[in-house]
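Structural description and commentary
Residue strings, one per chain:
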Amino acid sequence: MKTTQLIILFTGMSLGFLCSYFMELTMQNAEQYLAITTLVFADGFFGILAGVKREGFKTFKAIKILKTLVFWIVMLTLILVIEKSIPGAGWLSETLLMPLVIFQLISTLKNASMAGFIKTSILNQILDRIDKHKGFRE
């Protein structure tokens, strides 16, 4: 066999291995990928609606949703690879992704309120219950 054929064969084999590895990783953790995707798109949907009310549609802000989604999917994949390869690192995804979930949920609620789907008084009640130690608004 020629060197070129060996290089093509090796490259194809390596890419096949990587693709099958990441497909298995994704399918075993599909719920986490779906949760992140749903959170980012829900926040983006309400953010776009609120932005249209305030200042009109901005394409670069809509594209920011996709950038955010790609970033968090890459982060989740990196975390899951580390968890799979290092025994005892199973706590990483919960520890690193819970702040994302909390902030995305709060951002989604705020955007839904700004878009007119949630009344401001209800949003304030929800936010006050998150920080009970700070007291309630009058």
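Residues numbered from 1 in each chain as written. Predicted model: local features only at pLDDT ≥ 70, side-chain atom pairs only at ≥ 80, totals over all residues. Heavy atoms only, no water.

What about the packing of helix α2 (residues 30-55) against helix α4 (residues 92-114)?
Packing of α2 against α4 brings their axes to within 8 Å, and their N-to-C directions diverge by 25 degrees. Classified by the interaxial angle, the pair formed by α2 and α4 is roughly parallel. With respect to the hand of their crossing, α2 and α4 are arranged in left-handed fashion. Of the residues in α4, those in contact with Q32, I36, L39, V40, A42, D43, F46, G47, A50, K53 and R54 of α2 are S93, L97, L100, V101, Q104, L105, S107, T108, N111, A112 and M114. Here the contact of α2 with α4 is composed, by residue class, of 12 nonpolar, 7 polar and 3 charged. (Axes fitted to C-alpha atoms, helices over the stretch in contact; angles between N-to-C directions. Helix = DSSP H or I, 4+ residues; strand = E, 2+ residues; numbered from the N terminus. Parallel < 35°, antiparallel > 145°, perpendicular 65-115°, else oblique. Left-handed = near helix turned anticlockwise from the far one by under 90°. Contact = heavy atoms within 4.5 Å. Nonpolar A, V, L, I, M, F, W, Y, C, P; charged D, E, K, R; others polar.)

Digging into a nonpolar patch on the surface
Together, L15, F17, L18 and F22 make up a nonpolar patch on the protein surface, roughly 400 Å² of accessible area in all. According to the relative accessible area criterion, F22 is partly exposed, its value standing at 36%. (Patch = residues over 30% accessible without salt bridge, like charges linked within 9 Å, V, L, I, M, F, W, Y side chains within 5 Å. Areas by Shrake-Rupley, 256 points an atom, 1.4 Å probe, with all protein chains shown as cover. Salt bridge = Lys/Arg side-chain N within 4 Å of Asp/Glu carboxyl O. Buried < 20%, exposed > 50% of the residue type's maximum accessible area, 1.4 Å probe, protein only.)

Here's the deal with the nonpolar core
Counting 14 residues, the largest nonpolar core has I36, L76 and L97 as the members making the most contacts within it. Every element with two or more residues in this core is listed here: α2, α3 (59-85) and α4. Looking at which element gives the most residues to this core, the answer is α3, with 6 residues. If sequence neighbours within four positions are ignored, L76 has contacts with Q32, Y33, I36 and L97. (Core = buried A, V, L, I, M, F, W, Y, C linked by side-chain atoms within 4.5 Å.)

A short note on the confidence of the model for the chain
Summarising the model, the chain shows a mean pLDDT of 85, and 93% of its residues fall at 70 or more. Looking across the chain, the model is least confident in helix α5 (residues 120-130), with a mean pLDDT of 78, and most confident in helix α1 (residues 3-28), with 89. (pLDDT = per-residue confidence, 0-100.)

Concerning the pattern of salt bridges
This model, assessed by the stated rule, comprises 1 salt bridge. Note that E24 is salt-bridged to K84, the shortest N-O span being 3.6 Å. On the criterion of sequence distance, the pair formed by E24 in helix α1 and K84 in helix α3 is long-range, its members being 60 residues apart.

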